[in-house]
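Each chain, written out:
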Amino acid sequence: MPAVILVTNDDGVHAAGLSALAAALNDLGDVYVVAPDREQSAVGHALTLHRPLRVTQVGERRFAVNGTPSDCVNLAVLGLLPERPVLVASGINHGSNLGDDVTYSGTVSAAMEGTLLGVPSMAVSRGEAGEGNFDSAGAVARLVASRVLVEGLPAKTLLNVNVPAGPAGGIRMTRLGHRVYREKIVQETDPRGLPYYWIGAGPPEWNEDEGSDISAVNRGWASVTPLHLDLTHYGALGRMADWESGLNSLLRKRAR
Ligand code: MN
């Protein structure tokens, strides 16, 4: 019996990119789709804990969940699938997920959830191109997934794959790039005279660092970035060791 592969996304169960990813991975295993019943972009790693989740079967091995991408991965891996998956693949997101933006992304968060559950996981996103085709992104996803299935991934590590809108000139292993935070909030006044705000207006600006995911995609390459879920900064932990005695003596003084 072939191994089970879980495909999910954050654009919703009816998104073209989701079907494209499921089709691209179809010959690598038994592909099951468990995805949000509606668009859930930019929900990050949110879990639904305060209302019941419902699962609706919408096709053969295809399920819609009234929750977030992380909910879908949880439900699927911990019970919905007939066996534990060998791979979680999230996407293909309509729009790239690069650099400092990855923690906002529901697409990337679904792969983080898979990683936390101990399943090798990858997120796949494609640059904005309207409803254009996903052939190139699907081909890259399939190649990367095949390699992951053979080699596995290091502990607590997932892959963030971004493919440009046009045909990819090749594939680059990259690190996360960094955003330039120059944006301002937009403040307007509503018809009742109350202020309201928009954040995230205007296109993001990026540093053009060599070797980053952003520079690779800007040059027409597909980008594969290994991400690590241990967010501890071990260097800082070592350098800040003396904070412990300092903070404790202050805490004791306060208690006296
Ligand atoms: Mn999305």
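In every chain, residue numbers begin from 1 and rise along the written sequence. Confidence filtering applies because this is a predicted model: local features only for residues at pLDDT of at least 70, side-chain atom pairs given and counted only at 80 or more, and all residues used for totals across whole chains, interfaces and linings. Based on all heavy atoms of the structure, the side-chain values leave hydrogens and waters out of the count.

(A) Representation of the side chain of Ser109 in the model. The topology assignment puts Ser109 in helix 3 (residues 106-116). Only protein chains enter the accessibility calculation, which uses a 1.4 Å probe. A residue is then buried if its area is under 20% of the maximum for its type, exposed if over 50%, and partly exposed in between. A residue is classified by how much of its surface remains accessible, and Ser109, at 1% relative accessible area, is buried. Put simply, DSSP H or I for four residues or longer makes a helix, DSSP E for two residues or longer makes a strand, and each gets a number counted from the N terminus.

(B) Representation of the packing of aromatic side chains. A pair of Phe, Tyr and Trp rings is counted when the ring centres sit within 6.5 Å of each other, with Trp represented by its six-membered ring. The angle between the planes then sorts it: under 30 degrees is stacked, over 60 is edge-to-face, the rest tilted. Inspection of every chain in the model, using the stated rule, returns 0 aromatic pairs. Above the face of the Phe134 ring, Arg126 is positioned so that its terminal group lies 4.0 Å from the ring centre. Two thresholds decide whether a charge sits over a ring: the Lys NZ or Arg CZ must be within 6 Å of the ring centre and within 35 degrees of the ring normal. Over the ring of Trp221 we find Arg172, and its NZ or CZ is 3.7 Å from the ring centre.

(C) Just the nonpolar core, in detail. What we call a nonpolar core is a set of buried Ala, Val, Leu, Ile, Met, Phe, Trp, Tyr and Cys residues that are connected through their side-chain atoms within 4.5 Å. Among the nonpolar cores identified, the biggest contains 29 residues, and Val7, Leu21, Leu25, Val33, Met122, Val144 and Val161 are the most heavily contacted of them. Breaking this core down by element, the ones donating at least two residues are strand 1 (4-8), helix 1 (16-24), strand 2 (30-36), strand 5 (87-94), strand 6 (121-126), helix 4 (135-151), strand 7 (157-163) and strand 13 (222-228). For this core, the element with the most residues is helix 4, which contributes 6 residues. Look past the residues within four positions of Val33 in its chain and what remains in contact with it is Val7, Val13, Leu18, Ala22, Arg61, Arg62 and Phe63. Counting residues in hydrophobic clusters, the runner-up holds 14 residues, among them Val65, Val73, Ala110 and Val119. The contact definition used throughout considers only heavy atoms, calling two residues in contact when any of these lie within 4.5 Å.

(D) Molecular detail of the coordination of the manganese ion. Metal sites are built from N, O and S donor atoms within 2.8 Å, or 3.2 Å for Na, K and Ca, and they leave out water, so they may look incomplete. Here the manganese ion is held by Asp10 (OD), Asp11 (OD), Ser41 (OG) and Asn93 (OD1), and the distances to it run 2.1 to 2.3 Å. The motif formed by the donor residues of the manganese ion, counted along the single chain, is D-D-x29-S-x51-N. Of this pair, Asp11 sits in the loop between strand 1 and helix 1 while Ser41 sits in the loop between strand 2 and strand 3 (55-59); the two residues are 30 residues apart in sequence, bridging distant segments of the chain. Taking the relative accessible area as the measure of exposure, Ser41 reaches 32% and is therefore partly exposed.

(E) The arrangement of the environment of Arg175 in detail. Inspection of the secondary structure puts Arg175 in the loop between strand 8 (171-173) and strand 9 (179-180). Judged by its relative accessible area of 41%, Arg175 falls in the partly exposed class. Among residues more than four places away in sequence, those in contact with Arg175 are Asp209, Glu210, Gly211, Ser212, Asp213 and Thr225. Here a polar contact is recorded for every N or O atom pair within 3.5 Å, except that within protein the pair must consist of a potential hydrogen donor and a potential acceptor, and residues adjacent in sequence are included only if both atoms are side-chain atoms. Of the polar contacts made by the side chain of Arg175, one reaches the backbone oxygen of Glu210; its length is 2.6 Å.

(F) Up close: the packing of helix 2 (residues 69-80) against helix 3. In contact at an axis separation of 8 Å, helix 2 and helix 3 are set at 30° when each is read in the N-to-C sense. Relative to helix 3, the element helix 2 is oriented roughly parallel. Helix-helix and strand crossings are classified by hand; for helix 2 and helix 3 the assignment is right-handed. For the pair helix 2 and helix 3, contact is made by Pro69, Ser70, Val73 and Asn74 and by Gly106, Ser109, Ala110, Glu113 and Gly114, respectively. Grouping the amino acids of the contact of helix 2 with helix 3 by side-chain chemistry returns 3 nonpolar, 5 polar and 1 charged. Lines fitted to C-alpha atoms define the axes here, with helix axes fitted over just the stretch in contact, and angles between the N-to-C directions of these axes take values from 0 to 180 degrees. Small angles under 35 degrees read as roughly parallel and large ones over 145 as roughly antiparallel, with 65 to 115 read as roughly perpendicular and the rest as oblique. A clockwise turn of the near helix away from the far one marks a right-handed crossing, whereas an anticlockwise turn of less than a right angle marks a left-handed crossing. By the convention adopted, Pro, Cys, Tyr, Trp, Phe, Met, Ile, Leu, Val and Ala count as nonpolar, Lys, Arg, Asp and Glu as charged, and the other residues, Gly among them, as polar.

(G) Summary view of the side chain of Thr115. Examined against the element boundaries, Thr115 turns out to sit in helix 3. Not counting residues up to four positions away in its chain, the partners in contact with Thr115 are Ser121, Lys156, Thr157, Leu158 and Leu229.

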